[in-house]
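# Survey of secondary and tertiary structure
Listed below, chain by chain, are the residues.
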Amino acid sequence: MGKCKICNKAAERIVSFGKMPIANGFLNRIPSDEFFYNLSVAFCPECFMVQLDETVKPDMLFNADYQFISSTSDAMAGHFEKISAEILEKISGKSNPFVIELGCNDGIMLRHIAARGVKHLGIEPSGNVASLARNNGVKVLESFFNEPVASQIVRDYGQADVICGSNVFCHIENINSVFKGIGILLKNDGVLFFEDPYLLSIIKKSAFDQIYDEHIYYFSGLSVSKLARKHDMQLVDMHPQDVHGGSMRYYLKNSLSNTANNKVGEFLSEEKALNLDRLHGYSTFKDNVDKICSDLRNTLSDIKRKGNRIVAYGATSKSTTLLNYAKIGPEIIDYICDITPNKINKYTPGMHIPIKSHEAFVKDTVLYALLLAWNHKKEILEKEKEYRRKGGKFITYFPEVVIE
Ligand code: TMP
Ligand code: ZN
């Protein structure tokens, strides 16, 4: 078994999903050969971090053709505006405050900070989304983040009052270098906060589709508090977030004179009650996942056997794990509709299901749609009232298969 990427101790395998293609690697045409890697997850009994065994080189994932654009959901736009409001509150009264966001994507959050004339910097390695951020008035450093980059930023701009990141910390394999960089870049009285899919939600719902190449770490309060301490920081607060199917926002401060609040204690107790600090806590995960996959395949086969067509809704990155592991391909799903312009007319990685526009779905008379973007269910049900009024049904599958 491999070594823990954080503390270098032996990590223990939780589950293997076999060969997987790149989750966001939507294809222009069906290729004769495709890149696959082994997708499996391990647990470190020393620092409690759940992590990928094998990782894919970051420049294969985050490059000038990065296909995940943050601003495709109204709910997410609202979510990021709220983060900006929280930051503005945190820095009020400070003289010339400086806000840094790691992985600013298209500037969905920082644009609100920029619009207030606050000194800020977005750090974004993917060229295409970095340009979108610049168009949104955001100052961007097009780079990965690590210790040398942190030193360079301090030289060029000074230290930061706030450093934050959404769905980015879990993407970075050398997270120790990120924390060393933050140690250099964050003022002594500054705050670091970041949010990522929450391990406890993944385990509780068996939401294994959160597991894919970009998500190297599956954080919990248990693992983040250990990681913080390793880097002389303290996990001081935790706020659950209703995005990406269940996320957690962690607040970290300099360890000197800062202590964890009661909420941290409550989340750590809940995580311990589920045994997330020992391998035993993960022992039923694979069986639960396999049951969902076989129930889902049976449900879809039944629908087809009765002469119905099925499409899918939202060509999400996480659906790559679901579709490939459950072996759901174009013989079951006619197409996936998606509103992201650069996904339309492409094929999904591995299973090669065609992606069509939302208009194609609206014009269709299909009555069954597999809701791959299940994390946006509320927004999508609201948007698709007409489809449901005509008898159209959505199929969801976490924590169990439901047709509604
Ligand atoms: P995400 O789950 O990683 O946020 O990705 C959501 C995907 O679903 C993205 O490709 C956009 C797509 N989508 C739609 O097609 N229609 C919608 O109404 C929403 C909210 C998302
Ligand atoms: Zn470890």
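Quick caveat, the model's predicted, so the values are computed rather than measured.

## With respect to the pattern of salt bridges
Scanning all chains against the criterion turns up 19 salt bridges. Between R134 and E142 there is a salt bridge whose closest N-O contact spans 3.3 Å. A relative accessible area of 44% means that E142 is categorised as partly exposed. Linking E404 and K377 is a salt bridge whose minimum nitrogen-to-oxygen distance equals 2.7 Å. Remark: K377 occurs in helix α13 (residues 377-383) and E404 occurs in the segment after β17 (402-403); sequence separation between them is 27 residues. Judged by its relative accessible area of 29%, E404 falls in the partly exposed class. Residues joined in a network through salt bridges with shared partners are E86, K90, E195 and R249.

## Overview of the site of ligand 1
In the vicinity of ligand 1 there are 19 residues, among which K318, D338, K343, H376 and K383 approach most closely. The side chain of H376 places a nitrogen or oxygen atom 2.8 Å from an oxygen atom of ligand 1. Alone, ligand 1 offers 490 Å² of accessible surface; in the complex the protein occludes 97% of this. For the shell around ligand 1, the element with the highest residue contribution is α13, accounting for 3 residues.

## Focus: the packing of helix α5 (residues 147-157) against helix α6 (residues 175-185)
Two elements in contact, α5 and α6, have axes whose closest approach is 8 Å; the angle formed by their N-to-C orientations is 15°. The orientation of α5 relative to α6 falls into the category roughly parallel. For α5 against α6, the interelement crossing comes out right-handed. Between α5, through E147, A150, S151, I153 and V154, and α6, the contact on the second element is made entirely by S177, K180, G181, I184 and L185.

## Topic: the coordination of the zinc ion (ligand 2)
Bound to the zinc ion (ligand 2) are the protein donor atoms C4 (SG), C7 (SG), C44 (SG) and C47 (SG), situated 2.3 Å from the metal. One can describe the site at the zinc ion (ligand 2) as tetrahedral: its 4 donor atoms subtend angles covering 100 to 122° at the metal. Look at where the donors of the zinc ion (ligand 2) fall in the sequence and you get C-x2-C-x36-C-x2-C. Note that C4 is positioned in the segment before β1 (12-21) and C44 in the loop between β2 (36-43) and β3 (50-52), a separation of 40 residues in sequence.

Rules behind the numbers
- Residues numbered from 1 in each chain as written.
- Chains lettered and ligands numbered in written order.
- Predicted model: local features only at pLDDT ≥ 70, side-chain atom pairs only at ≥ 80, totals over all residues.
- Heavy atoms only, no water.
- Salt bridge = Lys/Arg side-chain N within 4 Å of Asp/Glu carboxyl O.
- Buried < 20%, exposed > 50% of the residue type's maximum accessible area, 1.4 Å probe, protein only.
- Helix = DSSP H or I, 4+ residues; strand = E, 2+ residues; numbered from the N terminus.
- Near = heavy atom within 4 Å.
- Polar contact = N/O pair within 3.5 Å; in protein donor to acceptor, adjacent residues only side chain to side chain.
- Areas by Shrake-Rupley, 256 points an atom, 1.4 Å probe, with all protein chains shown as cover.
- Axes fitted to C-alpha atoms, helices over the stretch in contact; angles between N-to-C directions.
- Parallel < 35°, antiparallel > 145°, perpendicular 65-115°, else oblique.
- Left-handed = near helix turned anticlockwise from the far one by under 90°.
- Contact = heavy atoms within 4.5 Å.
- Donors = N, O, S within 2.8 Å, 3.2 Å for Na, K, Ca; no water.
- Tetrahedral: all angles 85-135°; square planar, octahedral: opposite > 155°, others 65-115°.

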